[in-house]
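Tertiary structure, described
One-letter residues, chain by chain:
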Amino acid sequence: MDKPDPTRHTKTRTKKESLSREEHQKQLEFQREAIVHLNALYNYALHLTMNPSDAEDLVQETYLKAYRFFNSFERGTNCKAWLFKILKNNYINRFRKNSKEPGKVDYDLIKDFYHSIKDTRSDTSETESDYFHSLLHEEVYQALHSLPEEFREVIQLCDIEGFTYEEIANMVESPIGTVRSRLYRGRKLLRAQLEGYAKKYGFNTNNSQ
Amino acid sequence: MNCKKAGVLISASVDGELSLNEEQEFLLHLSECEECRLEFEDAKKTKMIIKEKIIQFKAPQALIMSIMQLTSLGTKEHEDTLLYE
């Protein structure tokens with residue numbers, strides 16, 4: 001804690017200085033637990049909204065809410081999962097209300113979106129002849145987005161974000177068994193999509209090759 | 001365990017989410033069934049593909065800054081972690 005500075009006693013205290021010790025502790029803990037997940041949340045928001053500026057709003061809102069209700073975060077549980085759930089709820093409240101066809105895929109939009117914020121990250125696995133490795137980022141992204149939302153969501157949370165089935169079940173408010181079967185079915189669909197791309201390149205996708 | 005039953009378990013097994021019993025039975029079946037073994041390998045690959053091919057973007061710096069300001073402390077350390085991770 002800061003020691004009182006005798007030369008400053010006549011000045012007006014800034015907001016920061018007048019924070020209580022508890023508030024200060026809360027801030028520190030929040031930074032340690034919550035802020036470290038900012039990149040993951042931003043990516044999740046991008047996937048949901050497919051629009052960088054909406055994604056920023058969504059993340060901003062999520063952190064505001066999370067900070068306000070940080071006391072209700074159960075210490076020792078996965079803070080990332082907690083934040084994801086808040087973001088998802090915000091998303092539903094804000095964006096889904098006016099969307100009539102949430103399951104509809106706009107491939108042009110995906111393509112535009114992907115090109116508009118494409119990373120410079122180079123692909124190191126191009127040399128492999130395996131058909132999986134021939135797939136482009138954009139194609140995998142498109143295949144994922146062609147899935148019905150309930151499947152896409154669990155695959156994303158499991159494979160990209162690394163949440164456990166229990167955490168996912170809590171996030172999507174369904175039993176673990178449902179998460180398990182959605183992943184099973186979703187992956188089947190996804191594989192079929194990816195194999196479709198692979199065939200386009202003339203790869204033999206049979207097991208027996 | 002037959003192939004049909006094993007097929008349903010492949011997905012959860014890739015995630016390490018089978019119960020101990022299921023896992024044992026599943027592995028036993030894999031040791032006897034080439035087809036399911038290949039299927040299992042493919043499932044692992046598919047998971048990896050999703051992980052590797054979906055680009056993870058960095059949050060814009062302006063967003064990081066404004067969220068740091070929400071909690072007003074703005075410690076240098078955390079900003080560095082996020083920006084240069």
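Overview of the structure. Per chain, residues are indexed from 1 in the order of the written sequence. Chain letters and ligand numbers both follow the written order, the letters beginning at A and the numbers at 1. Since the coordinates come from a predicted model, pLDDT governs what is reported: local features require at least 70, and pairs of side-chain atoms require 80 or more to be given and counted, while whole-chain, interface and lining totals use all residues. Side-chain measures were taken over the full set of non-hydrogen atoms in the model, leaving aside hydrogen atoms and water.

Details of the overall build of chain B
- A tally of regular secondary structure across chain B gives 5 helices and 0 strands.
- Of the regular secondary structure in chain B, the N- to C-terminal order runs α-α-α-α-α.
- We call a residue buried when its accessible area falls under 20% of the maximum for its residue type, exposed when it is over 50%, and partly exposed in between, using a 1.4 Å probe and counting protein chains only. Within chain B, the fraction of its 85 residues that count as buried is 41%.
- Taking all contacts inside chain B whose residues are at least 6 apart in sequence as the whole, residues at least 24 apart take part in 43%.
- Carbon and sulfur atoms make up 53% of the accessible area of chain B, which totals about 4,800 Å². What counts as a helix is a DSSP run of H or I of at least four residues, what counts as a strand is a run of E of at least two, and both are numbered from the N terminus. Working rule for contacts: check all heavy atoms of both residues, and any pair within 4.5 Å makes them a contact. To measure how exposed things are, a 1.4 Å probe is used in the Shrake-Rupley method; for residues, cover is taken only from the protein chains shown.

Description of the packing of helix α1 (residues 3-14) of chain B against helix α2 (residues 20-32) of chain B
Residues and elements named next belong to chain B.
- To obtain an axis, a line is fitted to C-alpha atoms, over the contacting stretch when the element is a helix, and the angle between two such axes runs from 0 to 180 degrees between their N-to-C directions. Look at α1 against α2: their axes get within 10 Å of each other, and the N-to-C directions meet at 120°. Considering their axes alone, α1 and α2 lie oblique with respect to each other. Here α1 runs over α2; the crossing is left-handed. Counted together, Cys3, Lys5, Ala6, Leu9, Ile10 and Ser13 of α1 and Glu22, Glu25, Phe26 and His29 of α2 form the full contact between these two elements.
- In the contact of α1 with α2, the residues fall into 5 nonpolar, 2 polar and 3 charged. Orientation is classified from the angle alone, with under 35 degrees giving roughly parallel, over 145 giving roughly antiparallel, 65 to 115 giving roughly perpendicular, and any other angle giving oblique. When the near helix sits turned anticlockwise from the far one by under a right angle, the crossing is termed left-handed; a clockwise turn instead gives a right-handed crossing. In the scheme used here, Gly and all other residues not listed as nonpolar or charged are polar, with Ala, Val, Leu, Ile, Met, Phe, Trp, Tyr, Cys and Pro taken as nonpolar and Asp, Glu, Lys and Arg as charged.

Concerning the nonpolar core
- We call a set of buried residues a nonpolar core when its members are Ala, Val, Leu, Ile, Met, Phe, Trp, Tyr or Cys and they connect through side-chain atoms within 4.5 Å of each other. Core analysis: the largest hydrophobic core is formed by 74 residues, its most contacted members being Leu38, Val59 and Tyr63 of chain A.
- Looking at this core element by element, the count peaks at 9 residues for helix α4 (residues 79-96) of chain A.
- Look past the residues within four positions of Tyr63 of chain A in its chain and what remains in contact with it is Phe30, Ala34, Ile35, His37, Leu38, Leu41 and Leu83 of chain A together with Ile67 and Leu70 of chain B.

Concerning the side chain of Ser11 of chain B
- Checked against the element boundaries, Ser11 of chain B lands in helix α1.
- For Ser11 of chain B, a relative accessible area of 6% corresponds to the buried category.
- By the criterion applied in these results, polar contacts are pairs of N or O atoms within 3.5 Å in which, for protein atoms, one can donate a hydrogen and the other can accept it, and in which residues neighboring in sequence qualify only through two side-chain atoms. Side-chain polar atoms of Ser11 of chain B contact the side chain of Arg187 of chain A, separated by 2.8 Å.
- When residues no more than four places from it in sequence are discounted, the contact partners of Ser11 of chain B are Tyr165, Leu183, Tyr184 and Arg187 of chain A.

A few points about the packing of helix α3 (residues 52-68) of chain A against helix α4 (residues 61-70) of chain B
- Contact pair α3 of chain A / α4 of chain B: the axes reach a minimum separation of 10 Å and the direction vectors enclose 15°. In terms of orientation, α3 of chain A lies roughly parallel with respect to α4 of chain B. The two elements α3 of chain A and α4 of chain B cross, and the hand of that crossing is right-handed. Contact residues: Glu56, Val59, Gln60, Tyr63, Leu64 and Tyr67 of chain A in α3 of chain A; Leu63, Ser66, Ile67 and Leu70 of chain B in α4 of chain B.
- Tallied by class, the residues present in the contact of α3 of chain A with α4 of chain B amount to 7 nonpolar, 2 polar and 1 charged.

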